[in-house]
Amino acid sequence: MLAATFTAALIYLTVQNSGALALGTACWNERLTRAGRHGSCVVSQPFLIFGHGKAIHRMDLDGKNQRRLVAGVASSILLDFHFREERIYWADKHAGIIYKMSVRGLQREKLYSSDKHISGLAVDWIRNAVYWTSREKGKIKTMDTNGKSEKTLVRHLTQPSSIVIDPTKRFLFWLSGGMIPGVHRCDVIGQGKVRLIKTLQQLKALSIDHRDRRLFWVQFGLQEESAIASSDYNGKALHIIDQPLQSDSLRITLFYKHVYYTDAASRAIKRVNKYTGGEGFHVNLKQMAKVPVDIKVVHPDKQPTADSPSLLQGCDEQSGNCINVCSSTAEQGVCKCSGGFALSKNGFYCEDVNECAHWNHGCSLGCENTPGSYFCTCPNGYTLLPDKKTCREIISCEGNTTECGHGCLATDEGPVCVCPKGSVLNEDGQACTGCSSADKGGCSQLCIPISPTRWLCDCLPGYQLHQDGKRCIASEPSPYLLVATLVAVQTINSDGTEGQTLVDEPRGPIGSLDYDPVSNHVYFASTSQKIIERVHMNGGSRRSLVTDGPDSSNGLAVDWIHRKIYWTVTRKSAVVSSTLDGLNVTTVVSSGLDKPTSITVHPLEKKLFWADIGHQPKVESCSLYGTDRTVIVNTSLVSPGGLTIDFADSRLYWCDGGRVETCALDGSKRLILLENHVGQPFDLAVFEDRLWMVDREHQQLMSVHKRTGRELQRLLGDLVQPASLVVVHPLAKPNTARLDNKPVVVTSVPDKALNDESTPQMALNRTALDSDFEAKTFTDKMVSGERKCYSAEPCGPNAKCRVNAGSPTCSCLEGFIGDGHMCVDSQKMPPSMTTSHPGNSVESCPSTHESYCLYQGICFYFPEVESYACNCVAGYMGERCQFSDLEWWELQQTEEEKRRNVVVASCAVLLICLLSIAACLIYCYRTRGFFLKQPSADNVSETSVADEDVLGIAKDGIHEETTSPKNRRHGPNTIRRTSVPWCLLLRWRPTRYPATARVSRQTPTSRRNSQV
């Protein structure tokens, strides 16, 4: 017996050891740096881990090498991993148990089992902690990776879920549900809780992009419309792309430029570009047997540790607490602060030293404190001298021969050129460079000043900052050009190489060209035939849409958002529009035009721009409906044309003879870009940093830098009368970004670079940059005029930010009234508010009326009329938003049913009355002859009786008849009474005969008796 037991135990240990060794060769990437269980994993290629059925699987990003990592897990789990420890963590959502397991061993460890409402799981790979959210209890809890030190960080939350972490910044992020869903943030010790995003849409599947420091989530509207949204760590720089997704079992994860997500309908894992979206690409090669329930990308870049300055500096930049500063495990950590900081009294964190509090630290006029440093400032009209401390007034230099780009300062050594705040002098000592200068500090898109002499280049979503720290490069695919010539419409790559031909046999010379990025259709028009046609980008048959199209070059524009075509008709002096199918042709502008030619559209601003080459050449604009007409440029023009818009820079470009010019969308900041260097430019197109143009004089395609006009490149020659061109790229015609029906400005936070006068192209360390951003220093105070709306306080719903007199202001959209932060639909207001008080102010309702509007409706108070109103969210209506669309429909149907029943009942009563009247009339008509018919002369009786004795009519309509003795049946002198119809009483009046001429009258009965 003892021998058998010992043998069984030996066999069990052998099997366990062999199994462990078999799995011991397993790793994140199935290979070790050295043999044995104590080797470390090396991952060269990223891969996915995901829940599949009751197991956890892995799969390469190309869909290959799918295999099972962990078996016997629940079907509904939440996943995360610890790359350095080579462990997978998962939570059974229904059982409320958190496990971990090494990829090298068979044994799983149970860490926690006291919460059956786990809705989010995150692993801190730097501090070796696990965080999770409890949806029902409204808590965020934490413990170490060994299952100890369990505690609650945050309480009293509303349905928290989808928690993620950035340990390098010590931030936790999560989603909240309830009546007003949102995205929230706090630090890893539960302090500093703030709401970043507030929306009315349902939020799901939060994920984090550690590389770009952005949050990504999926939101669903009331009609199940879905979108992928993102923001920076402060809830700003919102970016939203419409993306059809299924809400069931949806999870997302990010890796570099792609978002990976689970699709329950197709049982697949798909990916899309994180900034442009599009059709989802299937990662798995074949349909899975089960729906994937959670997903993560495993790679060292997903859990960075090098970007953790707080571990090296000794003080956490967010909470200020000392962390991990021990030189050895036996010593106690000691905080040491860098320059500009001082140790707190308790010695646990570093405090900023306010240098400006000590006599302005030597600044002559103004001093601005920043974390760890300071700088001197000067008021408007003054400039800072080279000593960086003294301010001197800017005055005009008499007899100055120096051509200063901004201003001149008279000094003892002579006139000196000066620059505005946020810019510095170039090496030539004349021109200025910086965010406040025309060159925007050399930045391709966004320029953010962080001190008077330093600035930051940044890019919009979908763009990546080039290694030079200035240029912004669009993400894939590569842009290309559509060029219309006399004989064809063809594609040309941005480097000048020719592509395919879309139209090779036009019905006439093509003078106008544009395309729709949504349907991928190319629209073109013949100036001689005046026909607008379209063809698919992939080829196919052509379709004629409009037979009375533009008769001038570049006179066609496609609105890809509002789905319309606009064109100019020179012979009719009009601007006309139609749908994309050529229907509903409408004249937009017809008065005050002479010879309109080139036209372009800005759907995001809802504006049209066109050129008029009449006797007073000019460039004008108006709304998409022909209102708000404005002259943009009307001086120094001869024959403007080739209008195009730079959507990233909000500038308008046009060509005029041998000159190319540009200005802001309101006509300000006009600049001559090229003059007499490029032949005769005929049409323009702009994207990224390049401005393309077709030259009819030399029959060629060229490009220059869009801001300086330099770097001229001749890309392609021998074109046959080139007439029109456009750039094709998903970002060349950007879509509008919205959250809760709010106009949202889109920016991004990709790789950044810092520039100053000594190192204008030096890359900035990400740590220093992010600390500048999070400290909210001078960055938030100095933003160039063109981008002030980017950093301004967000406007309210149904409002838009506009820059007026150099400062951003919020104003309500058309059809709404308010102060820009509170805007109400004027059509929903009582007539007394919209007609009698068109300019009344709108205020937020006092606290006593917070619950006046139901179902998340926004309450407004009109002080001039002392009345309250509600702006209902989509799906609700009523005076207090008390009805949902379905309830309102049901009430309307009930009321309609009541009205219908009343009408039916009324019609029935009316019909009965008519039938009764008709019956009475028929009865009267048939009996009239019986009572009123006069006797003939032959039937006159010889016996005459007195009139009053023979006939008597009672007052109650009774006819009395006296019978003769011969015909009596009822005894002597019997009087028979018969009823007379009421209708006969109205017409029958007995005749009184004189006593001397009495005539005997017989009743019909007596006549019949006598005849018998």
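Residues numbered from 1 in each chain as written. Predicted model: local features only at pLDDT ≥ 70, side-chain atom pairs only at ≥ 80, totals over all residues. Heavy atoms only, no water.

**Some words on the overall build of the protein**
- A tally of regular secondary structure across the protein gives nine helices and 77 strands.
- Each of the 1012 residues in the protein was classed as buried or not, and the buried ones make up 48%.
- Here the contacts in the protein between residues at least 6 apart in sequence split such that 43% fall between residues at least 24 apart.
- Element-wise, carbon and sulfur atoms account for 51% of the exposed surface of the protein, whose accessible area totals about 50300 Å². (Helix = DSSP H or I, 4+ residues; strand = E, 2+ residues; numbered from the N terminus. Buried < 20%, exposed > 50% of the residue type's maximum accessible area, 1.4 Å probe, protein only. Contact = heavy atoms within 4.5 Å. Areas by Shrake-Rupley, 256 points an atom, 1.4 Å probe, with all protein chains shown as cover.)

**Points about the sheet that holds strand 5 (residues 87-92)**
- Taken together, the four strands give an open sheet; going across it, the order is 4-5-6-7, and neighbouring strands pair in antiparallel fashion. Every other strand in the sheet has two partners, leaving strand 4 (77-82) and strand 7 (108-112) as the edge strands with one partner each. Averaged over all neighbouring strand pairs, the angle between strand axes comes to 25°, with direction disregarded.
- Relative to strand 5, strand 4 runs antiparallel, the two being bridged by six bridges. By the bridge assignment, Leu79 is partnered in strand 5 with Trp90. (Pairing = 2+ DSSP bridges. Axes fitted to C-alpha atoms, helices over the stretch in contact; angles between N-to-C directions.)

**Comments concerning the nonpolar core**
- Counting 43 residues, the largest nonpolar core has Leu482 and Leu701 as the members making the most contacts within it.
- What Leu482 contacts, discounting residues up to four positions off in sequence, is Gln490, Thr491, Leu502, Leu513, Tyr515, Val522, Met537, Ser724, Leu725, Val726 and Val728.
- Grouped together as the second largest cluster of nonpolar side chains are 18 residues, Leu69, Ile77, Ile97 and Met101 included. (Core = buried A, V, L, I, M, F, W, Y, C linked by side-chain atoms within 4.5 Å.)

**Overview of the pairing of strand 16 (residues 202-209)**
- Counting buried positions over the eight residues of strand 16 gives six, a clear majority of the element.
- For strand 16 and strand 17 (residues 214-220), the ladder comprises six bridges, and the chain directions are antiparallel. Along strand 17, the bridge assignment pairs Asp209 with Arg214.
- Taking the residues between adjacent antiparallel strands as the criterion, strand 16 and strand 17 are bridged by four residues, where Arg213 takes a positive phi near 55°.

**Description of the sheet that holds strand 11 (residues 151-154)**
- Across the sheet, four strands lie side by side as 8-9-10-11; this open sheet has antiparallel pairing. Each edge of the open sheet carries a strand with a single partner, namely strand 8 (118-124) and strand 11. For this sheet, the mean inter-axis angle between neighbouring strands, taken without regard to orientation, is 30°.
- Here six bridges tie strand 9 (residues 129-134) to strand 10 (residues 139-144), and the two strands are oriented antiparallel to one another.

**Considerations on the state of the cysteines**
- Considering all chains together, one arrives at seven disulfides under this definition.
- One disulfide in the model links Cys363 with Cys376; its S-S distance is 1.8 Å. Across the disulfide from Cys363 to Cys376, rotation about the S-S bond amounts to roughly -75°, and the bridge is consequently left-handed. You can see Cys363 sitting in the loop between strand 26 (350-352) and strand 27 (366-370) and its partner Cys376 sitting in strand 28 (residues 373-377), a full 13 residues away along the chain. (Disulfide = S-S within 2.5 Å.)

**A closer look at the pattern of salt bridges**
- Applying the stated criterion to the full structure yields 29 salt bridges.
- Note that Asp514 is salt-bridged to Lys733, the shortest N-O span being 2.6 Å. Taken together, the residues span a long stretch of sequence, with Asp514 in strand 42 (residues 510-516) and Lys733 in the loop between strand 62 (724-728) and strand 63 (738-739) at a distance of 219 residues. Here Asp514 and Lys733 have matching classes, each one buried.
- Residue Glu661 is joined to Arg670 by a salt bridge in which the shortest nitrogen-to-oxygen separation is 2.7 Å.
- Among the residues examined, Glu661 registers a relative accessible area of 2% and is labelled buried.
- With a relative accessible area of 30%, Arg670 lands in the partly exposed category.
- Each of Lys440, Asp646, Asp649, Lys706 and Arg707 takes part in a single network of salt bridges with overlapping partners. (Salt bridge = Lys/Arg side-chain N within 4 Å of Asp/Glu carboxyl O.)

**What about the packing of aromatic side chains?**
- One pass over the structure, following the stated rule, counts eight aromatic pairs.
- Where Tyr463 meets Phe687, the ring centres are 6.2 Å apart and the plane angle is 45°; that geometry is what we call tilted. Residue Tyr463 is located in strand 37 (residues 463-465), and its partner Phe687 is located in strand 58 (residues 681-687); the two are separated by 224 residues in the primary sequence. Across this residue pair, the class does not change: Tyr463 and Phe687 are buried. (Phe/Tyr/Trp six-rings, centres within 6.5 Å; stacked < 30°, edge-to-face > 60°.)

**Section: a negative patch on the surface**
- Taken together, the side chains of Glu224, Glu225, Asp242 and Asp248 present a region of like negative charge at the surface.
- Relative to the elements of secondary structure, Asp248 occurs in the loop between strand 19 (239-242) and strand 20 (252-255). (Patch = residues over 30% accessible without salt bridge, like charges linked within 9 Å, V, L, I, M, F, W, Y side chains within 5 Å. Lys, Arg positive; Asp, Glu negative; His and termini not counted. Charge placed at Lys NZ, Arg CZ, Asp CG, Glu CD.)

**A look at a nonpolar patch on the surface**
- A contiguous nonpolar patch, built from Met179, Ile180 and Leu200 and spanning about 260 Å² of accessible area, is present on the exposed surface.
- Within the secondary structure, Ile180 sits in the loop between strand 13 (171-176) and strand 14 (182-187).
- Judged by its relative accessible area of 37%, Ile180 falls in the partly exposed class.

**Looking at the side chain of Asp60**
- Position of Asp60 among the secondary structure elements: in strand 2 (residues 55-60).
- A polar side-chain atom of Asp60 sits 3.1 Å from a polar atom in the side chain of Arg58.
- Once you skip the residues sitting within four places of it in the chain, Asp60 turns out to touch Phe47, Asn65 and Val283. (Polar contact = N/O pair within 3.5 Å; in protein donor to acceptor, adjacent residues only side chain to side chain.)

**So, the environment of Gln202**
- Summarising the element assignment, Gln202 is placed in strand 16.
- Separated by 16 residues in sequence, Gln202 and Val218 have C-alpha atoms that sit 8.3 Å apart.
- Sequence-distant contacts of Gln202, that is, excluding residues within four places in its chain, are made with Val218, Gln219 and Phe220.

**Focus: unusual backbone geometry**
- A positive phi angle, close to 50°, is found at Asn584, a residue other than glycine.
- Looking at Asn584, the relative accessible area reads 62%, which means it is exposed.

**Describing the environment of Tyr233**
- Position of Tyr233 relative to the elements: it lies in the loop between strand 18 (226-232) and strand 19.
- Taking the relative accessible area as the measure of exposure, Tyr233 reaches 4% and is therefore buried.
- Considering only alpha carbons, one finds Tyr233 and His184, 49 residues apart in sequence, at a separation of 9.8 Å.
- Each residue touching Tyr233, except ones within four places of it in the same chain, is listed here: Asp166, Lys169, Phe171, Phe173, Arg185, Leu196, Ile208, Asp209, His210, Arg213, Arg214 and Leu215.

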